Amino acid sequence: MSFYAEQKLPVSPFCDDYWKAELKAYGLRKARFHVEHVSVDFFTIQGRCDDYLNVNMRFDDTPLPRLGINGHLWMSLTPMEIQSAALALHRAKGHVVSGGLGLGYFAIRAAAKPEVTMVTVFENEPVVIEWFLRMFKNRPELPKIKIVEADMRKEFKGYDVDFAFVDIYQDMLPSEIIKDARRFRRVNKIKRYHFWGYEKVVLELLANKMFKSYGGLLLGSDLHSYFKHWMTTPYGAGADGMMSDYSRVELPLDFLRKARTVLKDFPV
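All values derive from a computational prediction rather than experimental measurement.

1. So, the state of the cysteines
Taken as a whole and judged by the stated rule, the model has zero disulfides. No disulfide involves Cys-15; its nearest neighbouring cysteine sulfur is the one of Cys-49, lying 15 Å away.

2. Regarding the packing of aromatic side chains
In total, this model carries 13 aromatic pairs according to the counting rule given. Geometrically, the ring pair formed by Tyr-26 and Tyr-105 is edge-to-face, given 5.9 Å between the ring centres and 75° between the ring planes. Residue Tyr-26 is located in helix α1 (residues 16-26), and its partner Tyr-105 is located in helix α3 (residues 105-111); the two are separated by 79 residues in the primary sequence. The interplanar angle of 85° and the centroid separation of 6.2 Å between the aromatic rings of Trp-131 and Phe-136 together place this pair among those described as edge-to-face. Each of the two residues, Trp-131 as well as Phe-136, counts as buried. An aromatic cluster of at least three residues, connected via ring pairs, comprises Tyr-26, Tyr-105, Trp-131, Phe-132 and Phe-136.

3. Section: the side chain of Asp-50
Within the fold, Asp-50 resides in the loop between β2 (38-48) and β3 (57-69). From its side chain, Asp-50 meets the backbone nitrogen of Asn-56 in a polar contact 3.0 Å long. Non-local contacts of Asp-50, meaning those with residues more than four positions away in its chain, are made with Val-55, Asn-56, Met-80 and Arg-248.

4. Section: the packing of helix α6 (residues 176-187) against helix α9 (residues 253-263)
At a closest axis distance of 10 Å, the pairing of α6 and α9 adopts a crossing angle of 15°. When the interaxial angle is binned, α6 and α9 end up roughly parallel. The crossing of α6 and α9 is left-handed. Residues Ile-177, Ile-178, Ala-181, Arg-182 and Arg-185 of α6 pack against Phe-255, Lys-258, Ala-259, Thr-261 and Val-262 of α9. When the residues that make up the contact of α6 with α9 are grouped by side-chain class, the tally is six nonpolar, one polar and three charged.

5. Considerations on the sheet that holds strand β4 (residues 72-76)
An order of β1-β2-β3-β4 is seen for the four strands of this open sheet, with the pairing classed as antiparallel. Each having just a single partner strand, β1 (33-35) and β4 make up the two edges of the open sheet. Here the strands of the sheet are splayed against their neighbours by 45° on average, with no regard to which way each runs. Two strands pair when backbone bridges link them, and β1 and β2 are joined in this way by three bridges, in the antiparallel orientation. Considered in β2, the bridge of Phe-33 is made with Val-40. Packing of helix α4 (residues 126-135) onto the sheet brings it into contact with β1, β2 and β3, and relative to β1 it is tilted by some 145°.

6. Looking at the layout of surface pockets
Any empty space left between the atoms is revealed when a probe the size of a water molecule rolls over them. Taken as a whole, the largest pocket spans an internal volume of roughly 470 Å³. If you trace the largest pocket, you find 30 residues lining it, with Trp-74, Gly-100, Leu-101, Asp-167 and Ile-168 closest to the centre. Elements with a minimum of two residues in the lining of the largest pocket: β3, β4, α2 (79-91), β5 (94-99), α3, β6 (116-123) and α5 (152-155). The residue inventory of the lining of the largest pocket, partitioned by class, reads 18 nonpolar, six polar and six charged. Estimated volume of the second largest pocket: approximately 360 Å³. In terms of lining, the second largest pocket is formed by 15 residues, of which the most central are Leu-73, Ser-76, Thr-78, Met-80 and Trp-196. Within the residue set of the lining of the second largest pocket, elements represented by two or more residues are β4 and α2.

7. Side note on the environment of Pro-65
Relative to the helices and strands, Pro-65 resides in strand β3. Residue Pro-65 is classed as buried on the basis of its relative accessible area, which comes to 3%. Linking Pro-65 and Leu-77, residues twelve residues apart in sequence, is a C-alpha distance of 5.9 Å. Each residue touching Pro-65, except ones within four places of it in the same chain, is listed here: Leu-23, Tyr-26, Leu-28, Asp-41, Phe-42, Phe-43, Met-75, Ser-76, Leu-77 and Leu-103.

Here is what the cut-offs are and how they apply
- Residues numbered from 1 in each chain as written.
- Predicted model: local features only at pLDDT ≥ 70, side-chain atom pairs only at ≥ 80, totals over all residues.
- Heavy atoms only, no water.
- Disulfide = S-S within 2.5 Å.
- Phe/Tyr/Trp six-rings, centres within 6.5 Å; stacked < 30°, edge-to-face > 60°.
- Helix = DSSP H or I, 4+ residues; strand = E, 2+ residues; numbered from the N terminus.
- Buried < 20%, exposed > 50% of the residue type's maximum accessible area, 1.4 Å probe, protein only.
- Polar contact = N/O pair within 3.5 Å; in protein donor to acceptor, adjacent residues only side chain to side chain.
- Contact = heavy atoms within 4.5 Å.
- Axes fitted to C-alpha atoms, helices over the stretch in contact; angles between N-to-C directions.
- Parallel < 35°, antiparallel > 145°, perpendicular 65-115°, else oblique.
- Left-handed = near helix turned anticlockwise from the far one by under 90°.
- Nonpolar A, V, L, I, M, F, W, Y, C, P; charged D, E, K, R; others polar.
- Pairing = 2+ DSSP bridges.
- 1 Å grid on protein atoms, 1.4 Å probe; cavity = no way out; pocket = protein on both sides within 12 Å on 5 of 7 lines; lining within 4 Å.
- Points joined across faces, edges and corners; volume = space filled by probe spheres on them.

Encoded structure:
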């Protein structure tokens, strides 16, 4: 069996049980933090709160953490955030590189996997690093996490890694992801590269018939099962239809054409 032999996702990352279980495993204690230009607090979902691949409304009293930098929301652990990291976490093996620490969710959950030997995280906000190390100082996952305080675009070069998950973006799928994917893979040896929003790009390429079939991309059965879970997960309690019935197609065709070129040579 090869290093990247694909395994289907065993459970749907789109159901409420999954994201609540992930929040529990992540285990951030409820405490407010505000130092200089960085803040972490908690909120509850009351209204519009989209899933990763579809629109949605939610009303839930589960406290969710959110990270603010310079007064702007940078990251919050909504269902969308957890759904969008599920496949990357499933694929993480060996030496993993992560771009962007954020709330530390990906780093903690990747390091918890026995198949992961190290998680190297690039983060250029020292206060975010200080908060993370303070909040998770007693976690058993921490010895497997190495934080590099640096701009990833300047310092991520010359590495030989098994998996890279790049999430250094405040907004999903800015134009920079194309340049970053090419740059990072050119100056490093990366067995498998994944960026935040990857699944959404693939889905919209297929929806726009920009690939005739899955055969047009080097896609694994894990991604196929990811989409299958989405298409078979009910939209919500008492609602008609599945999540996929409420999907949104919104990426411009010019962006998709560029992304298609980059994705065609992604290693399986």
